[in-house]
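Inside the fold
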Amino acid sequence: MTTMAAHGVSIIGVGSAVPEKKLTNFDLEKMVETSDEWIVQRTGIHERRVVDPEHEGTFTLARDALQNAIANAEIDPTELDLVIVATVTAEMDCPSVSCRVAAAIGAVPTPAFDLTAACCGFVYAMNVADSLI
């Protein structure tokens, strides 16, 4: 009996990026009638990150997250087969965030496209990537 080698998809690296600016519950207390205790009790949130549009945005955060994932995977950007960015907050439609990110990190010539997807974007992009392999 012949056995076939296992094939499949695996995540070889992960990366993330967040905006620099923090907005805490104590900051919100100064803006509206609320308290840290009230917010934490109902949401569990202590702080959130806020983009400074003069210095960062979807493109810079996606670029930084991908650079971190590539470093984590210990690969060269030219080894990427495809770049998918799932977002509803692109700064512009054309060129796409994914194409700008691929060019910025040196992943050329690598195909890239954006998926317009919000909360389910990660899962959607993973399913699309899996289906293309």
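Described below are features of the structure shown in this document.

1. Focus on the layout of surface pockets
The calculated volume of the largest pocket comes to roughly 1600 Å³. Lining the largest pocket are 40 residues, and of these Gly13, Leu66, Leu82, Ile84 and Met126 lie nearest its centre. Looking at the lining of the largest pocket, the elements with two or more residues in it are helix 3 (58-73), strand 3 (83-86) and helix 5 (121-132). Here the lining of the largest pocket is built from residues that sort into 29 nonpolar, eight polar and three charged.

2. Digging into the packing of aromatic side chains
Remark: the centre distance and the inter-plane angle together describe each pair of aromatic rings, the angle taken between the planes. A complete count under the given rule lists zero aromatic pairs for this structure. The lysine or arginine in question, Arg100, covers the ring of Phe59, its NZ or CZ lying 4.3 Å from the ring centre.

3. Details of the pattern of salt bridges
As enumerated under the stated definition, the model contains three salt bridges in all. When the shortest N-O distance is used, the salt bridge between Arg49 and Glu47 registers 3.8 Å. When the shortest N-O distance is used, the salt bridge between Asp64 and Arg63 registers 3.0 Å.

4. Considering the side chain of Thr87
Positionally, Thr87 belongs in the loop between strand 3 and helix 4 (97-105). Reaching out from Thr87, the side chain makes a polar contact with the backbone nitrogen of Thr89 at a distance of 2.9 Å. The residues touching Thr87, leaving out its near neighbours within four places in the chain, are Thr58, Leu115, Thr116 and Ala117.

5. Notes on the side chain of Asn25
Within the secondary structure layout, Asn25 lies in helix 1 (residues 25-31). For Asn25, a relative accessible area of 0% puts it in the buried group. For Asn25, the side chain forms a polar contact with the side chain of Arg48, separated by 3.0 Å. Once residues within four sequence positions are removed from consideration, Asn25 is found in contact with Asp36, Ile39, Val40, Ile45, His46 and Arg48.

6. Considerations on a nonpolar patch on the surface
A surface patch of nonpolar side chains, about 510 Å² in accessible area, is lined by Ile11, Val14, Phe122, Val123 and Met126. With respect to the helices and strands, the residue Phe122 is situated in helix 5.

7. Structural notes on the packing of helix 3 against helix 4
Direction vectors running N to C along helix 3 and helix 4 enclose 50°, while the axes themselves pass 9 Å from each other. The angle between helix 3 and helix 4 falls in the class oblique. For the pair helix 3 and helix 4, the crossing hand works out as right-handed. Contacts between helix 3 and helix 4 involve Thr58, Phe59, Ala62, Arg63, Leu66, Gln67 and Ile70 from the first element and Val97, Arg100, Val101, Ala104 and Ile105 from the second. Of the residues that constitute the contact of helix 3 with helix 4, the class distribution is eight nonpolar, two polar and two charged.

8. Considering helix 3
In this model helix 3 runs 22 Å from its N-terminal to its C-terminal C-alpha over 16 residues, within 8% of the 22 Å that 1.5 Å per residue would give. Regarding helix 3, the residues found buried are Thr58, Phe59, Thr60, Leu61, Ala62, Ala65, Leu66, Ala69, Ile70 and Ala73. Elements in contact with the buried residues of helix 3: strand 3 and helix 4. Glu74 sits one or two positions beyond helix 3 and adopts a positive phi of about 55°.

What counts, and at which threshold
Residues numbered from 1 in each chain as written. Predicted model: local features only at pLDDT ≥ 70, side-chain atom pairs only at ≥ 80, totals over all residues. Heavy atoms only, no water. 1 Å grid on protein atoms, 1.4 Å probe; cavity = no way out; pocket = protein on both sides within 12 Å on 5 of 7 lines; lining within 4 Å. Points joined across faces, edges and corners; volume = space filled by probe spheres on them. Helix = DSSP H or I, 4+ residues; strand = E, 2+ residues; numbered from the N terminus. Nonpolar A, V, L, I, M, F, W, Y, C, P; charged D, E, K, R; others polar. Phe/Tyr/Trp six-rings, centres within 6.5 Å; stacked < 30°, edge-to-face > 60°. Lys NZ or Arg CZ within 6 Å of the ring centre and 35° of its normal. Salt bridge = Lys/Arg side-chain N within 4 Å of Asp/Glu carboxyl O. Polar contact = N/O pair within 3.5 Å; in protein donor to acceptor, adjacent residues only side chain to side chain. Contact = heavy atoms within 4.5 Å. Buried < 20%, exposed > 50% of the residue type's maximum accessible area, 1.4 Å probe, protein only. Patch = residues over 30% accessible without salt bridge, like charges linked within 9 Å, V, L, I, M, F, W, Y side chains within 5 Å. Areas by Shrake-Rupley, 256 points an atom, 1.4 Å probe, with all protein chains shown as cover. Axes fitted to C-alpha atoms, helices over the stretch in contact; angles between N-to-C directions. Parallel < 35°, antiparallel > 145°, perpendicular 65-115°, else oblique. Left-handed = near helix turned anticlockwise from the far one by under 90°. Expected span 1.5 Å × (residues − 1).

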